[in-house]
Amino acid sequence: MGSLDSYLPIFILFVLALAFAGLSIVASKLLAPQRPTSAKEAPYECGIVPAEAPPQRFPVRFYLVAMIFVIFDIEIIFLFPWAVVYNQLGRFGLVEIIVFAASVFFSFLYLVANGALDWGPVKRVRPVASEQSRTTTSTVRRVGHGTGEAA
Amino acid sequence: MTGSTGVLGALAAHLLGAGGLVLPHLNYSTILPELILLGGMLVILAASALSPRPLPTEVYATATVGLGIASLIASLVLWRDVTSHGAFTAIARSIDVDGFAVFFLVVVSCILIVAPMFAAGYLRREGITGCEYYVLALISGSGAMFMASANDLILIFLGLEILSIPLYVLAGLDHRREASGEAAMKYFVLGAFSSAIFVYGIALTYGATGSTNLAEIGAFLSRNVITSNGVLLGGLALLLVGFAFKVAAVPFHMWTPDVYQGAPTPATGFMAAMAKAGGFAALLRVFVSTFPTLRTSWQPVVWVLAILTLVLGAVVAIVQNDVKRMLAYSSINHAGFVLLGLEAATARGIAGSLYYVFVYSLLVLGSFAVVAAVGGNGDADHDISRYRGLGRRRPVLAVGFAILLLAQAGAPFTTGFFSKFYVVEAAVAAHSYALAVIAMGSAGVAAFFYLRVVFVMFSDVGIAGASDVSRGGGEIARAGAVAAEVREQDATLLGGAGASAVATLVAPAYVAAPELAPEGTPSEPEVSVSPWVTTGLVLCVGATLVFGIWPQPLVDFAHQATLIF
Amino acid sequence: MIHAAFLIPLLPLAGFAVLAPFGRRLGNPLSGWIATVLVAASFVVTVLVFIALFRQAPAHREFTQSWFTWFAADRLNVGAGLLVDPLSMTMATFVTGVSALIHLYSIGYMKHDPQFAKFFTYLNLFVFSMLMLVLADNFVLSFFGWEGVGVCSYFLIAFWFDRADAASAGKKAMIFNRIGDAGFLLGLFLIFERTGSLQYTTVFSRLGHVGTPSLVAIALLLFLGAVGKSAQIPLFPWLADAMAGPTPVSALIHAATMVTAGVYMMCRISPVLHLAPDAGHVIAWFGVATAFIGATSACAQTDIKKVLAYSTVSQLGYMFLAAGSGAYVAAVFLMLTHAFYKALLFLGAGSVIHAMEEDQDIKNMGGLTKLMPITAVTFLLGWFSIAGVPPFSGFWSKGDVLQNAWAVSPALWAIGAVTALLTAYYMGREYFLVFLGERRWSEARPTETDPSSPGYTSRGLHPHDPTWHMSVPLVVLAALAVLGGLLNLPFRPNLDFLERWLDPVVGPYLLQTHFSAGQQWLFAVADAALAIAGVGLAASLWRRTTDRPALEPRFLYMAWFIDWAEDRFVARTGTALAYFSATVIESKVIDGAVNGVASLVRGTGGALRRLQTGYVRSYALGLVAGVVALVAYVLVRVGS
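Computed from a predicted structure; not experimentally measured.

Considering the overall build of chain B
Line of reasoning, step 1. Tallying secondary structure elements over chain B gives 22 helices and 4 strands in all.
Line of reasoning, step 2. By the burial criterion, 62% of the 565 residues in chain B qualify as buried.
Line of reasoning, step 3. Pairs at least 24 residues apart make up 81% of the contacts formed inside chain B by residues separated by at least 6 positions.

Put into C-alpha cells, the structure is as follows:
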C-alpha cells in the first residue's frame, strides 16, 4: 500500500507522544528524591489526609458534568483542524461547523434545561410517583444483589 | 500546546499539499429526509428546553408525526426523481439515491408516522414526560435512513451507530422499572460488542479491497477474481455478524427476548421495526449488490442463519407465556423469512424481502401497541392470561389485534400472507427447496402461537396450561410441513403457498382442543386505549387489510425498488 | 329463434335469483306463481326453439351456442355453452313441460306449508340445473347440472328436515349419488385423457383413436354415475327413502326428470356404447335385473308412494335395458311416456295423501272413487298406461323396448315380459286398494282416540278432489299418458316421429332389428296379453280382499333385503372401520407420532430456553461462538 506513507506524520506523533511519556517517567525516577512516607503514599485528595475511606458512591452529577465536558472537548478537537484549513474550506466549512456547533449547542441547551448542571439540593424535574409496591424490603433487595431476569 | 498545534498544522499541510483539498459537492436535497428528521429533532429538543413549563407529550407526538409525513413526502419526491432520471450517487459517492434506498426511506418514514401515536398514549399513562422518546426515535430513524442509502461502509457504520445508540437509550427510557434498565444495559453492552466486530469487518474488507466505498469494492471485485481470500471472507463474515446482530438472526439473537421484554413496550415495537428496517437495508445492499461475486461463499452461511432463525424463533416462541416475549421470538422468526429473500439473492428474492420488511414493520408496531395497552399500568405484566376475554371486554381492540396476529401468521387476505408468499416463492424459484419447506414448517408452528393468543382473547375460559397447548403446536407444525412438502414435490407455486394459509385454517381446531378449565372470577384488568393509539391501530390494521386484499401497489413498489438497484 | 335457447335455462335461474333473496317477502302464493310462470315461459321458449330446429333439414339439426370460457388450464379448456340438437331439445321440452305442470300443482299442494317460498326456490333451481344437464355442450357443464340436480334433490327430499326420516333420506340420497358421481368423474378424467377434450362433438369425433378397452371403461364409469343418479341396482335404495319428500318433488325429480338423467347420459354417449358393445350388454343386464327386482318389490309395498317408487326403479331399469341394447329411441320414448304417466300417478297419489291427511298406507284407504272422481279416473288412466294396455302410451313404448331386447337376447325379453306382467299387477293392486273396495278409513277415525296412532286426526276425513291448481295438471298429464304413444307409433315410415326426429343424433348407433311384420304383430299381441293378464290378476286377487300375506312376503317388502344388506355389510363395516380409525389409528398411531413430534418441539423449545440465561456474559459468549464458527467456516473455505 503506497498510500501508507501519508500516515507518517501520525506515526511520528505517536512516537513523540510515547517518547514524551516514557521520558517523563524515566526522568522523574532518575531525578526525584525517593523518600516515601505514609502520607505521600496515600491517595491524593487535595493534600489533606483522608479521615475515612472514600465513599463508594459518587453523586451521579460528577459523571454528567464529566460527560458534558468530554462532549465539548471533542467539539474543540474538531475545531482545531477546521481552523487550520478554514481558508481553504471557505463557506462550506463555515456552514458545516455551524451545523455541528448548533447540534452540540441544542443538546447542551437540553441538558441545562433538564438540570444537568444544577448543584445543590436536587430539583426534581419529574415528579416521582410513590410506588405502592415499594417497601423497605423491596428497596433493600433492589439495592442489594440484583436479580438477573432470566427467561 | 503550541507544539501540538504545530504538528497538527504540519499534518494538515501535508495532507493538503499532497492532493489538495477536494471539497465534496453537497447536494442536500439527496439527504433531505434525513435532514428533516435531524433538524426537526433539534427543534423539538430546543422547544422542550426553552418552554417555561413541560409540554404535554402529545405536542411532541404531533410534531414527530408531522416530521414523519414531511420526510415521507421528501422521500416520494426522491422516488419521482429516481424513477424519472435513474439512480445516482451523491455527496462524494457516499450516498446512493436509488429505488432500494428510497424504498427504505419510505418505510422508515411510515414507522415514524405510526410509532409516535402508539408512544403518546403509553408515555402519558406511565407518566414519562419529556421529549426524549420522540427525539431518540427521530435520531434512530435518520440512522436507519443513512444505512439504507449509504454507499460506503463507513457511512453504514455511522448509520448503524446513529440507529443503535438511541435504541439503547429507548430501551432504558423507563428508568423506574428495573427491567427497562437491565434491557438497556444488555442491549448496550452486546450492541457495542457487535459494533466492534462490525468495524473489524470493515477494516478487513478495506484491507482486502483497498476501499470502503461499496461501488469501488464492487468494481475491485469484478476486476479481480477473488474467491478464497481469507482476509476478504473474514471481513465479510464479521460484517455479517454485525448485521445479523442488528436484525436478531440466530445465533446473534440472544439479546432480543430480554431487551424486547424489558424495554417500554412502544419502544420495543419501534426497536423491532426500525432496527430490522435499517439492518436489512444495509445487509441486503452490501451482500447482494456489492459482493455478488462471493455469493457462493456467503450463501451457505445465510442459509444456515436463515434456518436457525426460522426454527428457533418459532420453536421457542411456543413455550412462552409472556406475550411480549412471545412476540420477541416471533420477530426472530420473521427475520428468518426476510433472510430467505437474501439467500435467494435474486431480484425476486430482494423484492420479497423488501415487501416483507415493510409489512412486518407495521404489523409489529401495531402488535406491540396492543400489548402496551393490555399490559396496563406499569407495563410489567404481559402474561397471556391478561388477554382472556379481551374479545368481550374490548371487541374492537381484540379484533384488531387478531387481524395483526393472523397477518403475522400469514393468513390470506392480509399483507402477511403475501409477504410470506413472495419470499418463499423466491426461495423455490432459486431451488432452495429445503429452506422453503423449513420456512413453511416454521410458519405452521408460528401460526399456532399467534392463534393461541387469538383463541384466548375470544374465549372466556382459562387455558389449562402451556404444555397442553403446545401439544397442538406440533400438529400444526406437522400440517405446515406436510403442506410445504407437497409444495416441494410438484413445485407449483400457488398450491404450496397456501401452506401457511392451510395451517392458519387448520390450527383453530387444535387450539380449541386443549382442556379448558373454567376459572372462577378472574380479576379482569382495565384496558384503556387513547385516541392516539386507536388512530395508529386503524392505520396499521387498515394497511394490513387493504394491501392484503389489493396487494399490487405495494408489490409493484417493492419490485420497482429492486429494478432501480 | 334457435338463438333464444339461452333463455331456456336462464328463466328458471332468474326465478331462483328472485326467490332466493325475496321469496319470503313475496309470500304465498305470489312466489309460487312467479316460479310457475317463469318455468312455463321457459317451456314456451323451448317449444319455439324446438319448432325452429324442426324446420331445419335433418342433417343440420345441431347448433352449439358458446357463452364463455368457464375455465382453462393448459390443454383443458372448458367452456359454457349449449348444444341444441334433437335429443337435448326433446329432453328440454318434456322437462320444462312437466316441470311447469308440477309447479302449478305445487301451488295447491304446498298451500299450507310455512316454507312455501323456499320450496319454489329449490324447485326453480332444480329446473335450471336439469336444463343445464341436458342442454350443456360438454361433459363438465353437464356434470355441473348433474351435481346441481343432486343437490336440489337433497334439499327437497329433506325439505321437511325436522322429520328424522326426511333428513336421513336426504343424506342417503346424497351418499348413494356420491358413489355414482365418483364413477362419473373418473369417466370424465378418462375421456379427457384419451381424447384431449370434453366437448361432446369433439370427443365423439375422436373416438376412432381410442382403444376398445378404454371405451368400455369410459362407458361403464359413466354408467356407474347413471346407476347412482337413476337408482339402478345396487344403488337404488335411496329412491324408496326419497319418498319422504313432498309428493310434487317425488313426481318431478324422482319419477319424471332427474332420475332419467342417467338414461339421457347413456343416450348422449351412444357413439361410445356403439363402439363398446360389451359395456352395452352389462348395462342391459343391470337394467333388466333392476326392472325385475323393482317390480317384485313394488308388489309388496303398503305405502302408496313406495309402490310408485319401486315402480319407478323398475321402469328406469327398462330404460337402461333399452339403452344397453342400443335402442336409444325406445329408451327416450319410454322416458317420455314414463314421465307422463308416472308424474300423473304421483300427483294422483299426492291428492289422495292430501285427502287422507298425510296417511300414506294403502291398507287404510279404499272406496275413494266416488268422492274423488277426477283423481280416480286419471289414476286409472295412469295405471293402464304403465301396465301397457293398448292403446295407452305404455303399450307402445314398452313394446318397443321388449322387441329390441329380444333382438339382443331372448332371455332379456323373457325377464322383461314377466316384469311387464308384474307392473300391470302391482299397479292394479294399488288401484283397487286405494279407490275401490270398502272405506277402511271412515269407520276407523271416530273411534280412534290415541293421538299418537298413525291414522289419528281430530276431525275425521272428508276426502274430495283437490283444487284446480292440482286437478288441471292431473287432467293434462292423463291426456298425455293416454296419447303419448302417438309420438312414436311402430308404423314406418310415416308415424315413427320420434325415431326420425332423433335419427341425426342416435341414428347411426341404433341396434338394427329385422323383424317381419308378422313377428311384430306377435310381439304386440304378447305385450297386450301380458298387460291384460296383469290387470286381470290384480282384479281377481285384490278386488275384495285387502290382506294377502302370502303375496306380500317380507322378502319383497324389504326389496330383496338389498338395502338391509348394504346397510349391514357396507355401511356398518364402513362405520366400524371409521370408528377403528378414529379410536385406534388416529388416537394411537397418528396422535402418537404427532405427540412425538410435539414433545420434540416442546423439548427443543425448553432446552433452547435454558440457553437464555439472562446473563450478558453468556449472551456475549454466544455471540463469540457464532463469530468463531463463521471464522472457522471462512478458514475451511480458504484452506480448501
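On we go.
Re the overall build of chain C
Line of reasoning, step 1. The number of helices and strands found in chain C is 25 helices and 2 strands.
Line of reasoning, step 2. Looking at chain C alone, contacts between residues at least 24 apart form 81% of all its contacts between residues at least 6 apart.

Regarding the nonpolar core
Line of reasoning, step 1. Of all hydrophobic cores here, the largest spans 227 residues; its most connected members are B:Ile111, B:Ala171, B:Ala277, B:Leu340, B:Leu365 and B:Ala439.
Line of reasoning, step 2. Membership of the second largest hydrophobic core comes to 213 residues, among which are C:Val227, C:Phe320, C:Met372 and C:Leu480.

Brief notes about helix 4 (residues 86–113) of chain A
All names here are of chain A.
Line of reasoning, step 1. Taking 1.5 Å per residue, 28 residues should reach 40 Å; helix 4 reaches only 33 Å between its end C-alpha atoms and comes up short.
Line of reasoning, step 2. At phenylalanine 92, helix 4 shows its maximal bend, which comes to roughly 70 degrees.
Line of reasoning, step 3. In the stretch just after helix 4, glycine 115 is the one whose phi turns positive, near 85 degrees.

Section: unusual backbone geometry
Line of reasoning, step 1. The omega torsion of the bond from B:Val250 to B:Pro251 falls at 5 degrees, within 30 degrees of zero and hence cis.
Line of reasoning, step 2. Looking at where B:Pro251 falls in the secondary structure, it is placed in the loop between helix 9 (230–247) and helix 10 (255–262).
Line of reasoning, step 3. Here the residue pair C:Ile233 and C:Pro234 is connected by a cis peptide bond, since its omega of 5 degrees sits within 30 degrees of zero.
Line of reasoning, step 4. In this model, C:Ala559 sits at a positive phi of 55 degrees, which is unusual for a non-glycine residue.
Line of reasoning, step 5. Position of C:Ala559 relative to the elements: it lies in the loop between helix 23 (554–557) and helix 24 (562–611).

A few points about the interface of chain C and chain B
Line of reasoning, step 1. The interface of chain C with chain B comprises 28 residues on the first partner and 36 residues on the second.
Line of reasoning, step 2. Counting residues per element, the ones that place at least two in the side of chain C that touches chain B are helix 24 and helix 25 (616–639) of chain C.
Line of reasoning, step 3. Looking at the side of chain C that touches chain B residue by residue, the class counts come to 17 nonpolar, 8 polar and 3 charged.

Details of the packing of helix 4 (residues 99–126) of chain B against helix 22 (residues 552–563) of chain B
Residues and elements named next belong to chain B.
Line of reasoning, step 1. Relative to each other, helix 4 and helix 22 sit at 140 degrees, their axes nearing to 6 Å. By the criterion of interaxial angle, the relationship of helix 4 to helix 22 is oblique. Contact residues: helix 4 offers Gly99, Phe100 and Phe103, while helix 22 offers Phe557, Ala558, Gln560, Ala561, Thr562 and Leu563.
Line of reasoning, step 2. For the contact of helix 4 with helix 22, the residue count by class is 6 nonpolar, 3 polar and no charged.

Some words on helix 5 (residues 139–157) of chain C
Line of reasoning, step 1. With 19 residues, helix 5 of chain C should cover 27 Å at 1.5 Å per step; its first-to-last C-alpha distance of 26 Å lies within 8% of that length.
Line of reasoning, step 2. The element helix 5 of chain C is largely enclosed, with a buried count of 14 among its 19 residues.

Thoughts on the packing of helix 16 (residues 395–409) of chain B against helix 18 (residues 433–457) of chain B
Residues and elements named next belong to chain B.
Line of reasoning, step 1. The N-to-C vectors of helix 16 and helix 18 enclose an angle of 170 degrees; their axes lie 9 Å apart at closest approach. Taken as axis vectors, helix 16 and helix 18 run roughly antiparallel relative to one another. Contact residues: helix 16 offers Ala398, Phe401, Ala402, Leu405, Leu406, Gln408 and Ala409, while helix 18 offers Ala446, Ala447, Tyr450, Leu451, Val453, Val454 and Met457.
Line of reasoning, step 2. Residues belonging to the contact of helix 16 with helix 18 are distributed by class as follows: 13 nonpolar, 1 polar and no charged.

Let's talk about the environment of C:Val506
Residue and element names in this part refer to chain C.
Line of reasoning, step 1. Looking at the secondary structure, you find valine 506 in helix 21 (residues 497–506).
Line of reasoning, step 2. Taking the C-beta count within 10 Å as the criterion, valine 506 has 24 such neighbours and is therefore assigned buried.
Line of reasoning, step 3. Sequence separation of valine 506 and isoleucine 269 is 237 residues, and the distance between their C-alpha atoms is 9.1 Å.
Line of reasoning, step 4. In this structure, valine 506 is in contact with Leu87, Cys267, Ser270, Tyr328 and Val329, ignoring residues within four places of it in sequence.

A closer look at the environment of C:Phe384
Residue and element names in this part refer to chain C.
Line of reasoning, step 1. One can find phenylalanine 384 in helix 16 (residues 373–387).
Line of reasoning, step 2. Spatially, the C-alpha atoms of phenylalanine 384 and valine 482 are 8.5 Å apart, while their sequence positions differ by 98 residues.
Line of reasoning, step 3. Non-local contacts of phenylalanine 384, meaning those with residues more than four positions away in its chain, are made with Val389 and Phe392.

Side note on the confidence of the model for chain B
Reading fine detail from the predicted coordinates is not recommended where pLDDT is low.
Residues and elements named next belong to chain B.
Line of reasoning, step 1. Looking at chain B, pLDDT values average 84 and 84% of them are 70 or higher.
Line of reasoning, step 2. Throughout residues 1–6 the model reports pLDDT below 50, and contacts reaching past four residues in sequence, or to other chains, amount to 0 contacts.
Line of reasoning, step 3. Note that pLDDT drops below 50 for residues 462–522; the model gives that stretch 139 contacts with residues more than four away or on any other chain.

A closer look at the confidence of the model for chain C
Residues and elements named next belong to chain C.
Line of reasoning, step 1. Taken residue by residue, chain C gives an average pLDDT of 88. The fraction at 70 or more is 96%.
Line of reasoning, step 2. Between residues 443–449, whose pLDDT stays under 50, and residues either more than four places distant or in other chains, the model counts 9 contacts.
Line of reasoning, step 3. Of the regions scoring below 50 in pLDDT, residues 453–459 engages in 11 contacts with residues more than four places distant in sequence or in other chains.
Line of reasoning, step 4. Across the interfaces of the predicted complex, the ipTM metric reaches 0.81, alongside a pTM of 0.60.

The rules behind these values
- Residues numbered from 1 in each chain as written.
- Chains lettered and ligands numbered in written order.
- Predicted model: local features only at pLDDT ≥ 70, side-chain atom pairs only at ≥ 80, totals over all residues.
- Helix = DSSP H or I, 4+ residues; strand = E, 2+ residues; numbered from the N terminus.
- Buried ≥ 20, exposed ≤ 12 C-beta atoms within 10 Å, placed from the backbone.
- Contact = placed C-beta atoms within 7 Å.
- Core = buried A, V, L, I, M, F, W, Y, C linked by C-beta atoms within 7 Å.
- Expected span 1.5 Å × (residues − 1).
- Bend = angle between axes of the 7 residues up to and from the residue.
- Nonpolar A, V, L, I, M, F, W, Y, C, P; charged D, E, K, R; others polar.
- Axes fitted to C-alpha atoms, helices over the stretch in contact; angles between N-to-C directions.
- Parallel < 35°, antiparallel > 145°, perpendicular 65-115°, else oblique.
- pLDDT = per-residue confidence, 0-100.

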